[in-house]
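# Inside the fold
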Amino acid sequence: MKNIAMKLTVAAISTAFATEAMATEWNVSLWGKRRAFTEHVHKLAELVEEKTNGEFTMNISYGGLSKNTENLDGISIGAFEMAQFCAGYHADKNRAITVLELPFLGVKNLDEEVAVSHAVYAHPAVAEEMAQWNAKMLMTSPMPQYNIVGTGEPRDELSEFDGMRVRATGGLGKAFSAVGAVPTSVTSSEAYQAMESGVVDTVAFAQHAHLSFGTINQAAWWTENLNPGTVNCPVVVNIDAYESLSDDEREALDSSVDEAIDYYLENYGELLDRWDQVLEEKGVTKVTVSDEELEAFREKTASISDAWVEEMTAQGIPGQELLDLVNDTLEKQRMSN
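Presented here is an overview of the structure given in this document. (Residues numbered from 1 in each chain as written. Predicted model: local features only at pLDDT ≥ 70, side-chain atom pairs only at ≥ 80, totals over all residues. Heavy atoms only, no water.)

With that out of the way, let us pick up the overall build of the protein. Summing up its helical and strand segments, the protein has 14 helices and eleven strands in all. In terms of overall dimensions, the protein is globule-like: its C-alpha atoms have a radius of gyration of 22 Å, near the 20 Å expected for 337 residues. In terms of overall dimensions, the protein has a C-alpha envelope of 90 × 45 × 40 Å along the principal axes. The buried share of the protein, reckoned over its 337 residues, is 52%. Excluding contacts between residues fewer than 6 apart, the proportion of contacts in the protein whose partners are at least 24 apart in sequence is 77%. Positive and negative side-chain charges of the protein, numbering 24 and 54 respectively, have mean locations separated by a distance of 5 Å. (Helix = DSSP H or I, 4+ residues; strand = E, 2+ residues; numbered from the N terminus. Rg over C-alpha atoms; globule rule 2.2 N^0.38 Å. Buried < 20%, exposed > 50% of the residue type's maximum accessible area, 1.4 Å probe, protein only. Contact = heavy atoms within 4.5 Å. Lys, Arg positive; Asp, Glu negative; His and termini not counted. Charge placed at Lys NZ, Arg CZ, Asp CG, Glu CD.)

Written out as structure tokens, the structure reads:
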């Protein structure tokens, strides 16, 4: 009887260890704090855990695994399995997707931003470039068109942008440079301090970031319709980790992306609905830029896309094809609506 009991105990322990070993646990590197910009990652983790009965879980870390500017590097060496990054933080490492950060692409809403982002992510040139970092595109983090908050007197004319020190990265930085502003690419986490200390006069962000990183608390005014473009921030997974998933786990992950994005859009929509109330509570003046000034801004930045295409083509990346893909996707998206 003792032998039987011992065998049963050993079997039970072995089964427990086997069950534990079979469980999959991923580390996810984000930054800042939980906010509208990261809600789809949390929803994805929730859905995957549900679909796998708790056998596939994600530990989401805000800054505990890596700096935001080094998340792609961390993915490349397998330091963690999933991460979010923004293209403008290291444009040389993710050249192809910077097409999505070109100014005045004409993207009007978050649904269109999702459509163009995922179309570009699916392009072979993007997959090939990301593979160099052992990264696979999973989903976008759609953001509305950026607008700027500023100190001092409101700036609603291009002539007033001359010499303006603005926190803006990627294509947005180039757009502001084209009208005489002086862009600086401090990270989102550093923007408040840069504004507080006077390193910058203005900060270009989407609404959630002005709230999350506190720049709205330094602001006297906010442009409601400048809309020069946005920043593209994908969520990627380590290719080795992705391929190591079981078929059921991979299906649980892949099938949860659309639902996670839908949740993100609903949540972000609620933020946009109450934005006017936020401005009123903070005592921030809403500034409207005239149609004439906006058209002048577009004209000043028109050559940026052409220069980008030329630069990408010289580096062996199909720049014109990617830009055409954005425009074609926008057209199809609008026709489907």
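Attention shifts here to the pattern of salt bridges. One pass over the structure, following the stated rule, counts eleven salt bridges. For Arg334, the salt bridge is made with Glu112, and the minimal N-O distance between the two is 2.8 Å. A residue pair is termed long-range when its members are at least 10 positions apart, and Arg334 in helix α14 (residues 319–336) and Glu112 in helix α4 (residues 110–121) qualify at 222 residues. For Arg334, a relative accessible area of 35% gives the class partly exposed. A residue is classified by how much of its surface remains accessible, and Glu112, at 4% relative accessible area, is buried. Counted as one network, the salt bridges with shared partners bring together Arg155, Arg165 and Asp201. (Salt bridge = Lys/Arg side-chain N within 4 Å of Asp/Glu carboxyl O.)

Tracing the sequence through the fold places Thr38 in the loop between β1 (24–30) and α2 (39–51). Thr38 sits in the buried class, given a relative accessible area of 0%. If sequence neighbours within four positions are ignored, Thr38 has contacts with Leu30, Lys33, Tyr62 and Gln84.

Moving on, we come to the state of the cysteines. Throughout the structure, instances matching the rule amount to one disulfide. Between the sulfur of Cys86 and that of Cys233 lies a disulfide, 2.0 Å long from S to S. Looking down the S-S bond of the Cys86 and Cys233 bridge, the torsion is 100°, so its handedness is right-handed. Here Cys86 is found in the loop between β3 (82–84) and α4, whereas its partner Cys233 is found in the loop between β9 (221–223) and β10 (235–238), with 147 residues between them in sequence. (Disulfide = S-S within 2.5 Å.)

This paragraph deals with the packing of aromatic side chains. This structure, assessed with the given rule, holds eleven aromatic pairs. For the ring pair Phe161 and Phe297, a centre distance of 6.3 Å and an interplane angle of 75° mean the geometry is edge-to-face. In this pair, Phe161 sits in the loop between β5 (147–150) and β6 (165–167) while Phe297 sits in helix α13 (residues 291–314), placing the two residues 136 residues apart along the sequence. Accessibility classification places Phe161 together with Phe297 in one group, the buried group. Put simply, the rings of Phe104, Phe161, Phe176 and Phe297 touch in pairs and so form one group of aromatic residues. The cationic tip of Lys43 hangs over the ring face of Tyr263; the distance from NZ or CZ to the ring centre is 5.0 Å. (Phe/Tyr/Trp six-rings, centres within 6.5 Å; stacked < 30°, edge-to-face > 60°. Lys NZ or Arg CZ within 6 Å of the ring centre and 35° of its normal.)

Our next topic: the packing of α13 against α14. Relative orientation of the contacting elements α13 and α14 amounts to 135°, with a least axis distance of 7 Å. One way to sum up the angle between α13 and α14 is to call them oblique. In contact with Ser305, Trp308, Val309, Met312 and Thr313 of α13, α14 contributes Gly319, Gln320, Leu322 and Leu323. For the contact of α13 with α14, the class distribution of residues is five nonpolar, four polar and no charged. (Axes fitted to C-alpha atoms, helices over the stretch in contact; angles between N-to-C directions. Parallel < 35°, antiparallel > 145°, perpendicular 65-115°, else oblique. Nonpolar A, V, L, I, M, F, W, Y, C, P; charged D, E, K, R; others polar.)

Take the pairing of β10 next. Burial along β10 is two-sided: the face carrying Val235 and Val237 and the face carrying Val236 and Asn238 are both buried. With three bridges connecting them, β3 and β10 associate as antiparallel partners. Residue Ala83 lies in a different strand from β10, and its bridge partner there is Val236. The pairing of strand β4 (residues 135–139) with β10 spans four bridges and is antiparallel. Within the sheet, the bridge partner assigned to Met139 lies in β10 and is Val235. (Pairing = 2+ DSSP bridges.)

Another aspect to go through is the sheet that holds β6. Strand pairing in a sheet relies on backbone hydrogen bonds, with the paired strands running either antiparallel or parallel. If you walk across this open sheet you meet the six strands as β7-β6-β8-β5-β9-β11, and the pairing is mixed. This sheet does not close on itself; its edge strands, each paired only once, are β7 (182–184) and β11 (285–287). Going across the sheet, the axis of each strand differs from the next one's by a mean of 25°, ignoring polarity. Strand direction decides the pairing type here: β6 and strand β8 (residues 202–205), joined by two bridges, are parallel. Residue pairing in the sheet places Val166 in a bridge with Thr202 of β8. Its contacts with the sheet place helix α7 (residues 188–196) against β5, β6 and β8, and it is angled at close to 160° to β8.

Worth remembering: the numbers are spatial, not functional.
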